[in-house]
Amino acid sequence: MNFRKGQRREDPEINLIPFIDVLLVILIFLMVTTTYSKFTELQITLPTADAEKAVEQPNQIDVTVDAKGNYTVNGAPVSFRDVAALAQSLRSAAKPGANPVVVVNADQFAMHQMVVNVMEAARIAGFDRLTFAAQTGGGK
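Cut-offs used in this document
- Residues numbered from 1 in each chain as written.
- Predicted model: local features only at pLDDT ≥ 70, side-chain atom pairs only at ≥ 80, totals over all residues.
- Heavy atoms only, no water.
- Axes fitted to C-alpha atoms, helices over the stretch in contact; angles between N-to-C directions.
- Helix = DSSP H or I, 4+ residues; strand = E, 2+ residues; numbered from the N terminus.
- Parallel < 35°, antiparallel > 145°, perpendicular 65-115°, else oblique.
- Left-handed = near helix turned anticlockwise from the far one by under 90°.
- Contact = heavy atoms within 4.5 Å.
- UniProt positions renumbered as here; feature names shortened; annotations may be inferred.
- Pairing = 2+ DSSP bridges.
- Right-handed = clockwise from strand over helix to strand, strands pointing away.

Q: So what exactly am I meant to see when it comes to the packing of helix 2 (residues 83-93) against helix 3 (residues 112-125) here?
A: It is the contact of helix 2 with helix 3, at a shortest axis distance of 8 Å, that shows an interaxial angle of 60°. Relative to helix 3, the element helix 2 is oriented oblique. In this structure, helix 2 meets helix 3 at a crossing whose hand is right-handed. Touching Val83, Leu86, Ala87, Leu90 and Arg91 of helix 2 are Asn117, Val118, Glu120, Ala121, Ala122, Ile124 and Ala125, all from helix 3.

Pasting the structure below:
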C-alpha cells in the first residue's frame with residue numbers, strides 16, 4: 001500500500017552557506033591567534049679567545065716499556081741491566097736542577113715487574129713526580 005501516491009517527493013538541497021560561514025570563522029580565528037616571528041636588530045659582540053698553543057711539558061721524561069722487555073727513555077733505547085743503570089739513564093735525560101715528571105707508557109702485555117722497575121729507578125734518581133699514560137678504547 002502506498003499512501004503517498006499523490007504527494008510529490010522534494011529533491012534534497014545541499015546548502016553550502018553555513019559551511020562557508022564556519023570556514024570563515026575558523027580562518028579569522030587562526031589569523032588572529034597566529035604569532036609572526038619578528039627579527040630583532042640587536043647587535044651582540046661576542047668575545048673571542050686569543051691564546052697561544054700550550055707548550056708541551058719540557059720538564060718531563062717519557063719512559064716506554066714494551067711487551068718484549070725493551071725500555072726507551074725520551075725515545076732513545078736503553079738496555080736494562082739493573083734498576084740503578086735505569087736510574088742513571090733517567091738522571092742523564094733530565095735537565096740539570098729540574099724535577100721532571102716521569103711519564104710511564106707501558107704496553108698492555110708488558111710484565112708488571114718492568115713497570116715496577118721504572119718506578120723504582122725514578123725513586124732512586126730522586127724524581128718524586130710520576131704518572132702513567134693511558135689509552136682508552138681502541139679495541140679491535
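Q: Got a minute to help me understand the UniProt feature "transmembrane region" (unreviewed entry) in the chain in this structure?
A: The UniProt feature table records "transmembrane region" (unreviewed entry) at residues 12-32. A distance of 37 Å separates the end C-alpha atoms of residues 12-32, which is 76% helix and 0% strand.

Q: Can you walk me through the sheet that holds strand 5 (residues 129-132) in this structure?
A: Two modes of strand pairing occur in sheets, parallel and antiparallel, and in both the strands are linked by backbone hydrogen bonds. Taken in spatial order, the 5 strands make up an open sheet running 3-2-1-4-5, and their pairing is mixed. Each edge of the open sheet carries a strand with a single partner, namely strand 3 (76-78) and strand 5. Each strand axis lies, on average, 25° off the axis of its neighbour in the sheet, ignoring direction. As defined by bridge partners, strand 2 (residues 71-73) adjoins strand 3 across 3 bridges and the pair is classed as antiparallel. The residue of strand 3 that forms the bridge with Val73 is Ala76. Its contacts with the sheet place helix 2 against strand 1 (60-65), strand 2 and strand 3, and it is angled at close to 25° to strand 2.

Q: Mind showing me how you'd approach the pairing of strand 4 (residues 101-106) here?
A: Strand residues, when the strand is regular, have side chains that alternate between the two faces of the sheet. Bridge analysis of strand 1 against strand 4 gives 6 bridges, and the strand direction is parallel. The partner of Val65 across the bridge, within strand 4, is Ala106. Pairing geometry for strand 4 and strand 5, over 4 bridges, is parallel. Opposite Val102, over in strand 5, you have Leu130 as the bridge partner. In this fold, strand 4 hands off to helix 3, which returns the chain to strand 5; that crossover is right-handed.

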